[in-house]
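Listed below, chain by chain, are the residues.
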Amino acid sequence: MNKDLTVGKPSKVLWLFCLPLFGSVIFQQLYNIADSFVAGKFISNDALAAVGNSYEITLIFIAFAFGCNIGCSVIVSQLFGAKRYKDLKTAVYTTLIASGVLCAILMVCGFCFSDGLLAMIHTPEEIFADSKLYLDIYVLGLPFVFYYNVATGIFSALGDSKTPFIFLACSSVSNIAVDILFVAGFKMGVSGVAWATFLCQGISCILAVIFVLLRFRKIETTGKVKVFSFHLLKQIAIVAVPSILQQSFISVGNIIIQSVINSFGPAVIAGYSASVKLNNMVITSLTTLGNGVSNYTAQNLGAGKYDRIKEGFKAGVRMVCIICAPLVLLYFFGGRALIYIFLDSPTGQAMDVGVQFLRILAPFYFIISGKLIADGILRGAGKMGQFMTATFTDLILRVVLAIVLSKTALGVTGIWLSWPIGWCVATIVSVIFYKGMKLPKNIDKDNEESTEEAVLTEETASAK
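Every value quoted in this text rests on a predicted model; they were computed, and no experiment measured them.

Caption draft 1: Inspection of the packing of aromatic side chains at higher detail. Per the counting criterion, the structure on display carries 16 aromatic pairs. On the numbers, 5.2 Å between centres and 80° between planes, the contact of W195 with F198 is edge-to-face. Of the two residues, W195 and F198 are both situated in helix α7 (residues 190-217); the distance of three residues between them amounts to about one turn of the helix. Using a relative accessible area of 22% as the deciding quantity, one classes F198 as partly exposed. Ring centres 6.3 Å apart and planes at 50° place the aromatic pair Y272 and W419 in the tilted group. With a gap of 147 residues between them, Y272 in helix α9 (residues 266-303) and W419 in helix α14 (residues 412-435) connect regions that are remote in the sequence. Here Y272 falls in the buried class, since its relative accessible area comes to 1%.

Caption draft 2: Fine view of the packing of helix α5 (residues 142-157) against α7. It is the contact of α5 with α7, at a shortest axis distance of 8 Å, that shows an interaxial angle of 40°. Note on packing geometry: the crossing formed by α5 with α7 is left-handed. Here α5 contributes P143, F144, V145, Y147, Y148, A151, I154 and F155 to the contact with α7, which in turn contributes F198, Q201, G202, S204, C205, A208, V209, F211, V212, R215 and F216. Taken together, the residues of the contact of α5 with α7 break down into 15 nonpolar, three polar and one charged.

Caption draft 3: Here's a closer look at the pattern of salt bridges. Following the criterion strictly, the structure yields seven salt bridges and no others. Across the pair R215 and D160 runs a salt bridge, and its minimum N-O distance is 3.0 Å. Taken together, the residues R215 in helix α7 and D160 in the loop between α5 and α6 (162-185) connect sequence positions 55 residues apart. Of the two residues examined, R215 and D160, each falls in the buried class. One network of salt bridges, with partners in common, ties together D115, K132 and D136.

Caption draft 4: Spotlight on the environment of A426. Checked against the element boundaries, A426 lands in helix α14. By relative accessible area, which is 0% here, A426 ends up buried. In contact with A426, not counting residues within four places along its chain, are K371, A390, T393 and D394.

Cut-offs used in this document
Per chain, residues are indexed from 1 in the order of the written sequence. Only residues with pLDDT of at least 70 are given local features in this predicted model, and only at 80 or more are side-chain atom pairs given and counted; all residues enter the totals for whole chains, interfaces and linings. The side-chain values count all of the structure's non-hydrogen atoms but skip hydrogen atoms and water molecules. Only centres within 6.5 Å qualify two rings of Phe, Tyr or Trp (six-membered ring in Trp) as a pair; their planes then separate them into stacked at under 30 degrees, edge-to-face at over 60, and tilted for everything else. We count a stretch as a helix when DSSP gives it H or I for four or more residues in a row; a strand needs E for two or more, and each element gets its number in order from the N terminus. Per-residue accessibility, obtained with a 1.4 Å probe over protein chains only, is compared with the maximum for each type, and a residue is labelled buried under 20%, exposed over 50%, and partly exposed between these values. Every axis corresponds to a line fitted to the C-alpha atoms, with the helix fit spanning only the stretch in contact, and the corresponding angles, defined between N-to-C directions, vary from 0 to 180 degrees. Helix crossings are classified by the rotation of the near helix relative to the far one: an anticlockwise turn of less than a right angle makes the crossing left-handed, while a clockwise turn makes it right-handed. Two residues qualify as a contact provided that any one of their heavy atoms is within 4.5 Å of a heavy atom in the partner residue. Side-chain classes follow a simple rule in which Ala, Val, Leu, Ile, Met, Phe, Trp, Tyr, Cys and Pro form the nonpolar group, Asp, Glu, Lys and Arg form the charged group, and the remainder, Gly included, forms the polar group. By definition here, a salt bridge exists when the distance from a side-chain nitrogen of Lys or Arg to a carboxyl oxygen of Asp or Glu is within 4 Å.

Shown next, in the form of structure tokens:
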């Protein structure tokens, strides 16, 4: 069901819209958690390390899919808020075509350069073959990753966060069962983990795309709808490309950090692989809430209701702090039990590494959540330059500090400390940019129709 985010109390609107998004990303993260769980419990710690090692490279591909999601979602949200339904449909069709071309290029690159990427991050010999196997199968399923992300971006732009939640919930639960069947039942090893994810993501993607197309039939438009528009592609790219660059550089940064971690041996890799999955589940969830704020911002921008954007920031910060509180307590005090889900032994270096990682990072979830909400406002308003600056500040600090501190007496602990330092500095930068963002006064209802199209054009131009 499509929902107008430009009416109603902002706090209530954001809670109702963002909670299903939060649930969706939790289930999405279950894909990776299930892979790590099955690899660690039913195969070996080396298998867990192999899956975790490959995961950092898969994040590069996910960055491109996520960029397509955000680019489409922000522009479609603006068009939906401005009630320009004909252009809305063209924007979606344009995204589907462009995403397919980009996906094909990435698949070729993935198959050609996977060995080089794994060698570049100093993958230990004992896990190299399994890492490559997992990565190759993942690349084969990239079309599912791309089109599912685009479909969920469209649903979010239309104010519907419940439909993708239902798809992901069913698919993720199925993935756990298929993982166990392929690995424990059919003895397929790491390939079983990868093929289970491929199968379940494929089903989820196909259903999501079908439902998007069915939803579009209910949106009435007059005249013929263009299937492709270079003008709208340019608008989408203005938002998508910076998002892709941001996520790609984050992935490259994570790969550099992974290469530093790999120098400490398989036990540390296994502990980090388990704990970083838990950390990523929180960060990705908070990022998704920020994406929801982006949709809220973009719809209100398209409708000319600028006062609601600042109200949305305050409501968004309150929302993420409430959600963070139990997660911080769980990770800080219950980290050992959570890490044990992935490892085949409750003791040893891998367990100690994972627990330490979570205890250092967990208290700072409150800090990074504020940044992600501010980022959501900046991105939804088309302020991509400021958005990227804040993100790169975090990334550069984390990478540099991880390299430097790992060579001191702190050792691997120094790597973990780079996260909260980067988060704190970047949060300050992001909030300063948000506070300095200038928005015009609300559009008068009498003039609203004549200015709807100007709003999108003006904001898009300011993002260049």
